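Overview (structure and organization)
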Amino acid sequence: MTADTRNETAPVLVWFRRDLRLSDHAALTAACATGRPVIAVFIHDDAVAGLGAAPRFRLDLGLRALDAALREKGSRLILRRGGAQEVLRQLIVETGARSVYWTRLYDPASQARDSALKSALKQEGIEARSFAGHLLFEPWTVQTGTGGPYRVFSPMWRAVAGRAVDGLLPPPDRIAAPADWPGSEPLDDWQLQRGMRLGARVVAAHVQAGEAAALDRLDDFCASAMARYKAKRDLPGVDGTSRLSDYLSLGEISPHRCWAAALRAGEAGAAGAETFRKELVWREFAYHLMYHTPHILTENWRSEWQGFRWNTDGGTAPVTAWKQGRTGVPLVDAAMREMYVTGRMHNRARMIAASYLTKHLLTDWRIGRDWFEQHLTDWDPASNAMGWQWVAGCGPDASPYFRIFNPETQQQKFDPDGGYLRQWIAEGHRDPTPTALSYFDAVPESWALSPEMPYPQPVVGLREGRERALDAYHDWRG
Ligand SMILES: Cc1cc2nc3c(=O)[nH]c(=O)nc-3n(C[C@H](O)[C@H](O)[C@H](O)COP(=O)(O)OP(=O)(O)OC[C@H]3O[C@@H](n4cnc5c(N)ncnc54)[C@H](O)[C@@H]3O)c2cc1C
């Protein structure tokens, strides 16, 4: 066989990461278009090892769904553990592959890994191609009039609202299989669900994974809640949002598909469609900021905040109470409990829980960031970091620190009938809801909590906490 004919039949490796879908997958489409066998690979590398318990649990479900979807197309998912370069090199040797394709990621660690990989493969004469797909707009294509990324949301929204986005790609009908499949590690051996311990059973009842589930969810949302999204998206006790964030985070659905659905709904007169597209652009905003200013992940985005005197002890009694959903402030506790039971938290509830931690408890936003990273099934590096910095006041386009959410007035405004609180707080109720009770099954046994315990007293008075936060702010401002 000559080198040319070998290249014509050599498999293409498609390295899946946060793009666990078959449609709207430019890398997979391009691989199939070569007419050569395609081998889908997922690598348990440092990035996977570093995931929090809930995202790892959710990834396990996503990988199972992706493998099942690939098998319907005559293919399968090859699982390997190790550094990406070594694993891919080994697969190239084993399969004779001459090409590796993947969808781009934008966090600094993935960027560094992927660009080193690309140059190494190219040097070895292997075709290495990266494709867009995780975002609507590549970060380097959206710039302010004077150059550089948008640091404020509204002008970015105006800049992209009318832009064309890539068309939707159909899934392949069949995926050509190699003559011999390389070996794959059993997913069970990776024990991705282990960190969740008993909580996994509780959260699993609230999670559906995979592209098919994502498409169903989008359809349901378009048929029902999209029209009232603008009016209801802020009410945590109402099923008023898309609940697509898990799927978007793992790429089980593309943002393009969500965008296209919203455009169609808008043309058909759905009042909430534009607001929904704005939220998709908040996701882009977070990603573009992470790409251009990666310190958003770890440092106060506004450098002047370096001098602010946060509490940096994540083990104080009030912070522990926050983590456990036992601050004695019902809306904050309901938010945290929703997260333990479902793996998710309503956006309004995230803002209130985050504001309480960073302001009433004067605690460094990074403690909250890390806690959410462990417990959210929709954890996303860019949106989580931006969300925390936005609430804390040190981030881009942030609300000023002195604007402190009052959980009581927030509750009157956004949960006036107390439906959200009933959903998540059991103590003190003669007939608690099943979801409120399941919080006690979801949390670690070591917390020794039971629904018979009295509901806790507030760890800090709302007025006192607010004044303390304002004093700290004024001391810092000088
Ligand atoms: C402190 C804090 C932490 C957060 N952490 C995460 C996180 O780890 N992962 C995550 O996906 N989102 C995060 N968010 C953003 C937001 O809360 C969730 O995206 C949203 O609640 C998901 O629910 P949904 O899919 O029903 O959203 P919808 O209201 O239906 O919105 C549609 C999609 O738009 C995107 N989106 C909506 N709001 C935002 C936002 N404020 N910022 C960025 N993207 C947004 C999401 O991809 C979402 O799925 C965080 C927000 C805060 C305040």
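Remember, it's a predicted structure, so these values are computed and weren't measured experimentally.

**Thoughts on the overall build of the chain**
Across its full length, the chain carries 23 helices and five strands. In terms of overall dimensions, the chain is globule-like: its C-alpha atoms have a radius of gyration of 23 Å, near the 23 Å expected for 478 residues. Taking the principal axes of its C-alpha atoms as reference, the chain extends roughly 80 × 55 × 45 Å. Looking at the chain residue by residue over its 478 residues, the buried ones come to 55%. If you take every contact in the chain between residues at least 6 apart in sequence, the share linking residues at least 24 apart comes to 80%. Total accessible area on the chain stands at roughly 20400 Å², and carbon and sulfur atoms take up 50% of it. Of the charged side chains in the chain, 57 are positive and 57 negative; the average position of the first set lies 3 Å away from that of the second.

**Concerning the layout of surface pockets**
What the second largest pocket holds in volume is close to 790 Å³. Considering the residues around the second largest pocket, the lining is formed by 39 residues, among which Ala 47, Leu 51, Asp 107, Ser 110 and Trp 379 are closest to the centre. Broken down by element, the residue count for the lining of the second largest pocket peaks at four residues, all from helix α6 (residues 108-123). Here the residues of the lining of the second largest pocket are counted per class, giving 21 nonpolar, eight polar and ten charged.

**Concerning a negative patch on the surface**
A cluster of acidic residues, Glu 464, Glu 467, Asp 471 and Asp 475, forms a negative patch on the protein surface. By the element assignment, Asp 471 lies in helix α23 (residues 462-477).

**Notes on the domain arrangement of the chain**
Assigned domains of the chain: these are domain 1 (3-132), domain 2 (135-167 + 209-292) and domain 3 (303-477). Here the C-alpha centroids of domain 2 and domain 3 sit 25 Å apart. Buried surface at the junction of domain 2 and domain 3, both sides included, amounts to about 1700 Å², of which 56% is carbon and sulfur. Applying the counting rule to domain 2 against domain 3 returns two salt bridges. Between Arg 344 and Asp 246 there is a salt bridge, and its shortest N-O distance comes to 3.2 Å. Taken together, the connections running from domain 2 to domain 3 amount to ten residue pairs in polar contact (both at pLDDT 80 or more). Breaking the side of domain 2 that touches domain 3 down by element, the ones donating at least two residues are α7 (153-160), α12 (245-249) and α14 (273-292). At seven residues, the largest contribution of residues to the side of domain 2 that touches domain 3 is made by α14. Residues of the side of domain 2 that touches domain 3, tallied by class, amount to ten nonpolar, five polar and six charged.

Procedures and definitions
Residues numbered from 1 in each chain as written. Predicted model: local features only at pLDDT ≥ 70, side-chain atom pairs only at ≥ 80, totals over all residues. Heavy atoms only, no water. Helix = DSSP H or I, 4+ residues; strand = E, 2+ residues; numbered from the N terminus. Rg over C-alpha atoms; globule rule 2.2 N^0.38 Å. Buried < 20%, exposed > 50% of the residue type's maximum accessible area, 1.4 Å probe, protein only. Contact = heavy atoms within 4.5 Å. Areas by Shrake-Rupley, 256 points an atom, 1.4 Å probe, with all protein chains shown as cover. Lys, Arg positive; Asp, Glu negative; His and termini not counted. Charge placed at Lys NZ, Arg CZ, Asp CG, Glu CD. 1 Å grid on protein atoms, 1.4 Å probe; cavity = no way out; pocket = protein on both sides within 12 Å on 5 of 7 lines; lining within 4 Å. Points joined across faces, edges and corners; volume = space filled by probe spheres on them. Nonpolar A, V, L, I, M, F, W, Y, C, P; charged D, E, K, R; others polar. Patch = residues over 30% accessible without salt bridge, like charges linked within 9 Å, V, L, I, M, F, W, Y side chains within 5 Å. Salt bridge = Lys/Arg side-chain N within 4 Å of Asp/Glu carboxyl O. Domains from an automatic or database assignment. Buried area = accessible area lost by both parts, 1.4 Å probe. Polar contact = N/O pair within 3.5 Å; in protein donor to acceptor, adjacent residues only side chain to side chain.

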